[in-house]
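Okay, here's what each chain looks like letter by letter:
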Amino acid sequence: MLVSIYRYNPDIDDKPVMRDIEVEIPAGKDLMILDVLELAKRKDSSIAYRRSCREGVCGSDGMNINGRNGLACITQLSEVVKPGKKLVLRPLPGLPVIRDLVVDMSIFYIQFEKVKPYLINDTPAPAIERLQSPEDREKLDGLYECILCACCSSNCPSFWWNPDKFIGPAGLLQAYRFLADSRDTAAAERLAGLDDPFSVFRCRGIMNCVAVCPKDLNPTRAIGHIRTMLIQQGT
Amino acid sequence: MKGLRRLVFDAVIVGGGGAGLRTALELSQSGYKTAVISKVFPTRSHTVSAQGGITCAIGSDDPDDDWRWHMYDTVKGSDYIGDQDAIEYMCSEGPQTVFELEHMGLPFSRTAEGRIYQRPFGGQSKDFGKGGQAARTCAAADRTGHALLHTLYQANLKNDTVFLNEWYATDLVKNQDGAVVGVIAICIETGETVFINSRATVFATGGAGRIYASTTNALINTGDGIGMALRAGFPVQDIEMWQFHPTGIYGAGTLVTEGSRGEGGYLINSDGERFMERYAPNTKDLASRDVVARSMVLEILEGRGCGENADHVLLKLDHLGEDVLNSKLPGILELSRTFAHVDPVTDPIPVVPTCHYMMGGIPTNINGQALTQNSNGEDEIIDGFYAVGESACVSVHGGNRLGGNSLLDLVVFGRAAGKYIEESLRQGIEQRRASDTDIEQAMARLQRLNDSDSGASVPELRTELQNVMQNHFGVFRKGEFMRDGIEKLKILRERIARVHLEDKSQIFNTARIEALELENLFEVAEATAIAAECRTESRGAHARDDFRDRDDDNWLCHSMYFPADKRVGKRAVNFSPKTMPTFEPQIRSY
């Protein structure tokens, strides 16, 4: 099958181009996109992309697959390409390209770090674990599973427009993960850090993030909770 | 060397998985100039794939649980070549280490009392094997590794650890005294090569499961630390001991946690028989991993495999009910649907034993100090060199690791090494320089690769290597097949030495990294092959058709593989725990 890949190697190329490569797909097999890429790389070793776990938990191989962000290792060919059609692979949109399918994620990580993505609890720790009821623990489900693949934030027009000021869906999901944790004592401090016109409120609720999250998480809902907390705090 | 930038640190940690991040956390709190070099952004490390949990006697499921029972299980699981002082340290320090993780925010699943949820895992018992099955594995659903790795990364952010992400260490730099003074590393993004000069160099480089064709391991698990240590002339210990996890998804190799059997799942053959009842009447599907993996292979060899080619068995989970599966094994549902096209809520998962874990590694003491042997066969500490986690061999796993003990190993010994290095830095370790010759030596293979103009490609050679290992050094091994495999490896060595790097560009050149990784894979594979052929007995994960019994007279010891002359020597196992009597070797049955 024909695979069209976004190619840009700043060592050699003046500008990026889409370049086709013919890949032989073993008959009767429905490969993952990552497998297709590995086959392509066997023919042209200069194709660059990130990958690690190859099972959808490390978040390395987020990319734009036939127009839609996803993880190459858990996206099946048959899901995205009709027989006889081209597979089109581009880097995640909205982030600077380092080479081919590899994007510079610095701004994404900076926004993640801004939300203080770690538990804060200044009370003395007990000799055993801090207790947490199963009900309180359940509040973290759908939040802690984020793999930082950036499929969501790089699918968000608000993030494209203000990547330095709008935290973006991935960072905000983590912000809420700690706001929702019964063991965290820094809610006021966390909310104060988010209380400006950009950090949270640039989210327009269009749910582009939800549409592409490979872990089926819902950043829009988390952002809604943060908005509510900010508004309640203000009244 | 001219033009080569030198970065100077008090301590440098190579590897950003669980062990590296735990070491880094200790050191970043110390105020010493520390850096973590990781070839991937830290949360992409393979620790993220650990599922079932971290085994530790925290007394949540059973308030009377005792770390000594955990120690007993681990010694027995190791088939008696785990070092008892190290196992004692791990099991007794474990609870404190796990509570620290919880205090850092790790989102453990909870019991009704609000304590950490613990599930049964293989090889676990109460009361020194006399009290029945224990439930000792602390879990965050079936995503414990993800939760643990992210929590440690978060804790490092909180403590301002310096990260050199997407940097790749190519070789150790050793000075004329034989001390380790740092590493040569490539910044993947720019292609720049630098000398990282450090007072302490810690390897936390993880495993090398990619030496086999079928593995649960991430694509990045290429044994970089082992390769670097061997090229520097340092020995590796028990490297023939490779764990095959009973439940890798057939065809894909992705892992299905042992916790799925802990929650009540079981294996069936083509007759629908729960065959583990025959092999391990007491513990059944929760026998030790080596035992279950061998039983599965025997079922397949005897014609009771499932599927068109009768080459796998089935893991049945549907009887647990959808609610339990959704709450306790959500990740397994996801992986099975994606990779096996099977919904465990209604249908069993096709599984097969799959390479999973390297029990061997760089020999160390409890402080993480890497060891070699002097000419009298006595332990000798390698100055400036430390190893932790899967790349190290302390040894707490011996011939077979128990499920849930790897995450514990990472954090207990990452923490211990960090504390020891901090103390050593405080007492003053000098910053050793390296001469131009030392550095040139470490740069040699990079230079050769960059100059290569013909030869076979990396993927071609890698596939050949993986097939040799899969066919000649798998679950069951035999002398003549292994010798045959060693001959094939000899030819492969020549070809890999002449591997062709077609793309010589600088910026984010992943082809170059893969070529460098291939050489590391080869070093691990060859050491595995030679040590495996040499150990003429069956013990733990090392099962030989031509030597079916354990041979305590000759092999109740570690193997030590020395790369310079490809010699396999022996090293005594520690049988002297500090606070309790020795566990004497016994017949191992489950």
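Residues numbered from 1 in each chain as written. Chains lettered and ligands numbered in written order. Predicted model: local features only at pLDDT ≥ 70, side-chain atom pairs only at ≥ 80, totals over all residues. Heavy atoms only, no water.

### Quick look at the overall build of chain A
- Helix and strand content of chain A: nine helices and seven strands.
- Counting only C-alpha atoms and orienting by the principal axes, one finds that chain A spans roughly 60 × 35 × 30 Å.
- Going through the 235 residues of chain A one by one, you find that 55% of them count as buried.
- Across chain A, contacts joining residues at least 24 apart in sequence account for 64% of those joining residues at least 6 apart.
- Accessible surface for chain A amounts to roughly 10,100 Å². Of this, 54% is attributable to carbon and sulfur atoms.
- Once the 30 positive and 30 negative side-chain charges of chain A are each reduced to a mean point, those two points are 4 Å apart. (Helix = DSSP H or I, 4+ residues; strand = E, 2+ residues; numbered from the N terminus. Buried < 20%, exposed > 50% of the residue type's maximum accessible area, 1.4 Å probe, protein only. Contact = heavy atoms within 4.5 Å. Areas by Shrake-Rupley, 256 points an atom, 1.4 Å probe, with all protein chains shown as cover. Lys, Arg positive; Asp, Glu negative; His and termini not counted. Charge placed at Lys NZ, Arg CZ, Asp CG, Glu CD.)

### Here's the deal with the layout of surface pockets
- There is about 1,000 Å³ of room inside the second largest pocket.
- For the lining of the second largest pocket, the secondary structure elements donating two or more residues are strand 4 (68–71), helix 2 (77–80), helix 4 (134–138) and helix 8 (208–212) of chain A together with helix 9 (322–328) and helix 10 (330–340) of chain B.
- Looking at the lining of the second largest pocket, the element that brings in the most residues is helix 10 of chain B, giving six residues. (1 Å grid on protein atoms, 1.4 Å probe; cavity = no way out; pocket = protein on both sides within 12 Å on 5 of 7 lines; lining within 4 Å. Points joined across faces, edges and corners; volume = space filled by probe spheres on them.)

### Describing the nonpolar core
- Membership of the largest hydrophobic core comes to 161 residues, with the highest contact counts inside it found for A:Leu89, A:Ile226, B:Ile54 and B:Ile349.
- Ranked by the residues each element gives to this core, the list is headed by helix 11 (residues 405–427) of chain B, at nine residues.
- Setting aside residues no more than four positions away along its own chain, A:Leu89 makes contact with A:Val3, A:Ser4, A:Ile5, A:Tyr6, A:Met18, A:Ile33, A:Leu37, A:Met63, A:Asn64, A:Ile65 and A:Leu101.
- Core analysis: the next-biggest nonpolar cluster, separate from the first, contains 80 residues, B:Tyr212, B:Ala392, B:Phe473 and B:Ala511 among them. (Core = buried A, V, L, I, M, F, W, Y, C linked by side-chain atoms within 4.5 Å.)

### Some details on the interface of chain B and chain A
- Contact residues are listed per partner, giving 63 residues for chain B and 59 residues for chain A.
- Buried surface at the junction of chain B and chain A, summed over both partners, amounts to about 4,900 Å²; 52% is from carbon and sulfur atoms.
- Of all residues in chain B, B:Arg44, B:His103 and B:Leu219 give up the largest surface area on contact with chain A, accounting jointly for 14% of the area buried on that side.
- Between the two partners, chain B and chain A, sit seven salt bridges.
- Where B:Arg143 meets A:Glu145, a salt bridge forms, and the shortest distance between an N and an O atom there is 3.7 Å.
- Breaking the side of chain B that touches chain A down by element, the ones donating at least two residues are helix 3 (84–104), helix 4 (144–158), helix 10, helix 13 (458–472) and helix 15 (510–534) of chain B.
- Of all the elements, helix 4 of chain B adds the most residues to the side of chain B that touches chain A, at seven residues.
- Residue composition of the side of chain B that touches chain A, grouped by class: 26 nonpolar, 22 polar and 15 charged. (Buried area = accessible area lost by both parts, 1.4 Å probe. Salt bridge = Lys/Arg side-chain N within 4 Å of Asp/Glu carboxyl O. Nonpolar A, V, L, I, M, F, W, Y, C, P; charged D, E, K, R; others polar.)

### Some details on the sheet that holds strand 22 (residues 567–572) of chain B
All names here are of chain B.
- Taken in spatial order, the three strands make up an open sheet running 10-21-22, and their pairing is antiparallel. What marks the edges here is a single partner per strand, and that holds for strand 10 (236–237) and strand 22.
- In this structure, strand 21 (residues 557–562) lies alongside strand 22, joined through six bridges in antiparallel fashion. Its bridge partner lying in strand 22, His 558 is registered against Arg 571.
- Here helix 15 sits on the sheet and contacts strand 10, strand 21 and strand 22; the angle it forms with strand 21, its principal contact strand, is near 135 degrees. (Pairing = 2+ DSSP bridges. Axes fitted to C-alpha atoms, helices over the stretch in contact; angles between N-to-C directions.)

### A few points about the pairing of strand 4 (residues 118–125) of chain B
All names here are of chain B.
- Strand 4 sits mainly inside the fold: eight of its eight residues count as buried.
- Relative to strand 5 (residues 133–138), strand 4 runs antiparallel, the two sharing four bridges. Looking at strand 5, one finds that Gln 118 is bridged to Cys 138.

### Focus: empty space enclosed by the protein
Residues and elements named next belong to chain B.
- For the structure shown, the criterion picks out seven cavities of 30 Å³ or more.
- Along the wall of the largest cavity there are 50 residues; nearest its centre are His 46, Thr 47, Gly 206, Asn 221 and Glu 390.
- Contributing elements (two or more residues each) for the lining of the largest cavity: helix 1 (18–28), strand 2 (34–38), strand 7 (167–174), helix 5 (224–231), strand 14 (349–358) and helix 11.
- Its residues assigned to classes, the lining of the largest cavity shows 17 nonpolar, 26 polar and seven charged.
- Element by element, the count of residues in the lining of the second largest cavity is highest for helix 10, at four residues.

### Focus: unusual backbone geometry
- Here the amide bond leading from B:Val394 into B:Ser395 is cis, since omega sits at 5 degrees, within 30 degrees of zero.
- In this structure, B:Ser395 sits in the loop between strand 18 (392–393) and helix 11.
- Of note, A:Lys116 is a non-glycine position whose phi angle comes to about 50 degrees, a positive value.
- Residue A:Lys116 is classed as partly exposed on the basis of its relative accessible area, which comes to 32%.
- Positioned with a positive phi, B:Phe508 is a non-glycine residue whose angle comes to about 40 degrees.
- Its place among the elements puts B:Phe508 in the loop between helix 14 (479–497) and helix 15.
- For B:Phe508, a relative accessible area of 4% gives the class buried.

### Digging into the pairing of strand 5 (residues 87–90) of chain A
Residue and element names in this part refer to chain A.
- The alternating pattern of strand 5 places Leu 87 and Leu 89 on a buried face, while none of Val 88 and Arg 90, on the opposite face, is buried.
- Across three bridges, the pairing between strand 1 (residues 2–7) and strand 5 is parallel. Across the sheet, residue Val 3 finds its bridge partner in strand 5, namely Leu 87.

### What to know about the sheet that holds strand 3 (residues 54–55) of chain B
- With antiparallel pairing, the three strands of this open sheet are ordered in space as 3-5-4 (chain B). Because the sheet does not close on itself, it has two edges, and the strands there are strand 3 and strand 4 of chain B.

### Regarding the packing of aromatic side chains
- Under the criterion given, the structure shown has 13 aromatic pairs over all chains.
- Ring plane angle 65 degrees and centroid distance 5.2 Å describe the contact between B:Phe41 and B:Tyr153, whose orientation is recorded as edge-to-face. A residue pair is termed long-range when its members are at least 10 positions apart, and B:Phe41 in the loop between strand 2 and strand 3 and B:Tyr153 in helix 4 qualify at 112 residues. Considered together, B:Phe41 and B:Tyr153 belong to a single accessibility category, that of buried residues.
- Look at B:Tyr89 and B:Phe413: their rings are 5.7 Å apart centre to centre, the planes differ by 35 degrees, and that puts the pair in the tilted class. Of this pair, B:Tyr89 sits in helix 3 while B:Phe413 sits in helix 11, and the two are 324 residues apart along the sequence.
- Chaining the aromatic ring pairs together yields one cluster made of A:Phe108, A:Tyr109, B:Phe41, B:Tyr153 and B:Phe163.
- Just above the ring of B:Phe9 sits the side chain of B:Lys33; from NZ or CZ to the centre is 5.0 Å.
- Over the face of the ring belonging to B:Tyr590 we find B:Lys76, whose NZ or CZ atom lies 4.2 Å from the ring centre. (Phe/Tyr/Trp six-rings, centres within 6.5 Å; stacked < 30°, edge-to-face > 60°. Lys NZ or Arg CZ within 6 Å of the ring centre and 35° of its normal.)

### As for helix 6 (residues 169–179) of chain A
- Burial analysis of helix 6 of chain A places eleven of its eleven residues in the buried class, the great majority of the element.
- For helix 6 of chain A, the set of buried residues is A:Pro169, A:Ala170, A:Gly171, A:Leu172, A:Leu173, A:Gln174, A:Ala175, A:Tyr176, A:Arg177, A:Phe178 and A:Leu179.
- Buried-residue contacts for helix 6 of chain A involve helix 3 (106–114), helix 7 (187–194), helix 8 and helix 9 (219–234) of chain A together with helix 4 of chain B.

### Focus on the packing of helix 13 of chain B against helix 14 of chain B
Residues and elements named next belong to chain B.
- At a closest axis distance of 9 Å, the pairing of helix 13 and helix 14 adopts a crossing angle of 170 degrees. As the angle between them shows, helix 13 and helix 14 are arranged roughly antiparallel. Crossing angle aside, the handedness with which helix 13 passes helix 14 is left-handed. Note on element contacts: helix 14 touches helix 13 through Phe 481, Met 482, Asp 484, Gly 485, Lys 488, Leu 489, Leu 492, Arg 495 and Ile 496, opposite Glu 460, Leu 461, Glu 464, Leu 465, Val 468, Met 469 and His 472.
- In terms of residue class, the contact of helix 13 with helix 14 is built from nine nonpolar, two polar and five charged. (Parallel < 35°, antiparallel > 145°, perpendicular 65-115°, else oblique. Left-handed = near helix turned anticlockwise from the far one by under 90°.)

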